[in-house]
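# Observations on the three-dimensional arrangement
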Amino acid sequence: MYCTRQVTPTITWVGGNDRRLARFENLFPIERGVSYNSYLITDEKTALMDTADTAIQRQFVENILHTLAGRTLDYLVVNHMEPDHCAGIEELMLRFPQMQLVGNAKTLSLIQQFYDMSLDGRTVIVKEGDTLCLGEHTLQFFFAPMVHWPEVMVTYEQTEQVLFSADAFGGFGALSGNIFDDEVNFTQAWLDDYRRYYANIVGKYGMQVQAALKKLSALDIRIICPLHGLIWRKNLQMLLGKYDLWSRYEPEEKNIVLFYGSMYGDTENAVEILAAKLADAGMHNISMYDVSGTDVSVLISEVFRCSHVVLACPTYNNGIYPPMLALLHDMQALSVQNRTIALMENGSWAPTSAKNMRALIDGMKNMTVLEPVVSVKSAPKEQTMETIDALCNAILASLKE
């Protein structure tokens, strides 16, 4: 049975939700599931904005057929060719023999890579700024390469001022009937998942996101319809502001997050001591994570949130404790920059993890490493406390700057 909602009187959400999927892209845990959004415009001509993942194929097709109410589907606009948004192309090509695929040259090339089907006479190839008239609605196409695939484009509907934004402005989390931003408490229930989505899916491409934001700033946008997550019709400036901040790699908050790896609890103890001293000095909302027990996607999201990061781990095989190394490699891969880092290490006979962590951090842009480095030999002792005190003071001074 169909399950749809109206975005406007002529634009219908025909997507669905997957609460069974454990990991997005088989990488990122999604305890709250994910939505696959698709939108159908009904006018003199009908146009579907992207398809959906195979996981919701039956629901998706029922939604489309109900909304069409016996009409044919004239156009399928493919903004993004990732499989969770293009899995329905082949079935719709078969169901609607007159349907035309609308995409750019790179889109059509990728379609041929994914599917063995003839596109002869069934494509409309668009370039930057091209338009497609549906009747009262006019679609205009703008390219957004590497946000986050090379073929990505966004589609702007001029009459109702709706932006179909592909994977941009999306987030993790299945929709529960409330599909609009003004129907939920976004900051409380959704912001963390949006930040984690951005940091891990789009975070590497800050320069490209900035270029896309500049291009979109020339448009009058009333509604943003992404392929995942909420539809935005009220707090657009807040969302756009977050994307601007994240894509410039500027922290959301002037605050601290502490990451530690600990084999037997001694490194963790040193970090707990530092956290207590920071709290005694008046710091609120301190966050702390065990890198061995927390998915790295959550850690990366916290790096995007906070201005100051403590990295603490033992030496392991003369190097960096593996879960901490994984975090540092992700920070490098996602172009993390503009952060202040404090280092703590542990080693019973040859502590080297701080030196090795610093070497990786020095390869990132505009990163400040505070002194002193806390070096624990096996377990914290009285002499360790003096260094922790000094690092605490350095962190507090840096936060006041």
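In what follows, the structure referred to is the one given above.
Criteria and cut-off values
- Residues numbered from 1 in each chain as written.
- Predicted model: local features only at pLDDT ≥ 70, side-chain atom pairs only at ≥ 80, totals over all residues.
- Heavy atoms only, no water.
- Helix = DSSP H or I, 4+ residues; strand = E, 2+ residues; numbered from the N terminus.
- Buried < 20%, exposed > 50% of the residue type's maximum accessible area, 1.4 Å probe, protein only.
- Contact = heavy atoms within 4.5 Å.
- Areas by Shrake-Rupley, 256 points an atom, 1.4 Å probe, with all protein chains shown as cover.
- Lys, Arg positive; Asp, Glu negative; His and termini not counted.
- Charge placed at Lys NZ, Arg CZ, Asp CG, Glu CD.
- Pairing = 2+ DSSP bridges.
- Axes fitted to C-alpha atoms, helices over the stretch in contact; angles between N-to-C directions.
- Salt bridge = Lys/Arg side-chain N within 4 Å of Asp/Glu carboxyl O.
- Left-handed = near helix turned anticlockwise from the far one by under 90°.
- Nonpolar A, V, L, I, M, F, W, Y, C, P; charged D, E, K, R; others polar.
- Parallel < 35°, antiparallel > 145°, perpendicular 65-115°, else oblique.
- Core = buried A, V, L, I, M, F, W, Y, C linked by side-chain atoms within 4.5 Å.
- Patch = residues over 30% accessible without salt bridge, like charges linked within 9 Å, V, L, I, M, F, W, Y side chains within 5 Å.

All right, on to the overall build of the chain then. Of regular secondary structure, the chain possesses 13 helices and 23 strands. Every one of the 401 residues in the chain was classed for burial, and the buried ones make up 56%. Of the contacts made within the chain by residues no fewer than 6 positions apart, 73% connect residues no fewer than 24 positions apart. As displayed, the chain offers around 16900 Å² of accessible surface, 49% of which is attributable to carbon and sulfur atoms. Measuring between centres, the 32 positive side-chain charges of the chain sit 2 Å from its 47 negative side-chain charges.

Here we come to the pairing of strand β10 (residues 100–103). As a general feature of sheets, a regular strand has side chains that alternate between the two faces. Every second residue of β10 is oriented toward a common face, with Q100 and V102 on one face and L101 and G103 on the other, all of them buried. Relative to β10, strand β9 (residues 75–77) runs parallel, the two sharing three bridges. Within β10, the residue paired with L76 across the bridge is L101.

Let us look at the sheet that holds strand β8 (residues 46–49). The strand order across the open sheet formed by seven strands is β1-β2-β7-β8-β9-β10-β11, and the pairing between neighbours is mixed. The open sheet terminates on both sides in strands that have one partner only, identified here as β1 (5–8) and β11 (123–125). Recorded for the sheet is a direction-independent mean angle of 25° between the axes of neighbouring strands. Set on the sheet, helix α1 (residues 57–68) makes contact with β2 (11–13), β7 (39–42) and β8; between it and β7 the angle comes to about 15°.

All chains considered together, the criterion is met by 17 salt bridges. R32 is the salt-bridge partner of D193, the closest N and O atoms lying 2.5 Å from each other. In this pair, D193 sits in helix α6 (residues 191–202) while R32 sits in the loop between β5 (28–29) and β6 (34–36), placing the two residues 161 residues apart along the sequence. A salt bridge links D192 to R195, with the nearest nitrogen and oxygen atoms 3.0 Å apart. One end of the pair, D192, and the other, R195, are both in helix α6, three residues apart, so they sit about a helical turn from each other. Counted as one network, the salt bridges with shared partners bring together R5, D182, E183 and R233.

This part takes up the packing of helix α7 (residues 206–216) against helix α8 (residues 236–247). Orientation of α7 relative to α8, taken along the N-to-C sense of each, is 145°, at an axis distance of 8 Å. Where α7 crosses over α8, the handedness of that crossing is left-handed. Contact with α7, carried on its side by G206, V209, Q210 and L213, involves L240, Y243, D244 and S247 of α8 and no other residues of that element. Looking at side-chain class alone, the contact of α7 with α8 contains four nonpolar, three polar and one charged residues.

So, on to the packing of α6 against helix α10 (residues 296–305). Between α6 and α10, the shortest axis-to-axis distance is 8 Å and the interhelical angle comes to 95°. On the basis of the axis angle, α6 is roughly perpendicular to α10. Counted together, D192, R195, R196, Y198, A199 and N200 of α6 and S297, V298, I300, S301, E302, F304 and R305 of α10 form the full contact between these two elements. Partitioning the contact of α6 with α10 into residue classes produces five nonpolar, three polar and five charged.

On to the sheet that holds strand β12 (residues 131–133), then. Ordered by their spatial adjacency, five strands build an open sheet running β12-β13-β14-β15-β16, and the pairing between neighbours is mixed. Either end of the sheet is taken by a strand with one partner, and the two such strands are β12 and β16 (223–225). Taking each pair of neighbouring strands and ignoring which way they run, the sheet shows an average axis angle of 20°. In this sheet, strand β15 (residues 162–164) lies alongside strand β14 (residues 153–157) in antiparallel orientation, the contact comprising three bridges.

Next up on the list: the nonpolar core. Judged by nonpolar contacts, the single largest core of 116 residues is most densely connected at I89, F259, L311, M324 and L328. Residues contacting L311, with those up to four places away along its chain left out, are F259, M324, L327, L328, I341, A342, L343, M344, M357 and I361.

Residues M263, Y264 and Y316 make up a contiguous nonpolar surface patch of roughly 370 Å² in combined accessible area. Looking at the secondary structure, you find M263 in the loop between β17 (253–260) and α9 (266–280). Overall, M263 belongs to the partly exposed group, its relative accessible area being 38%.

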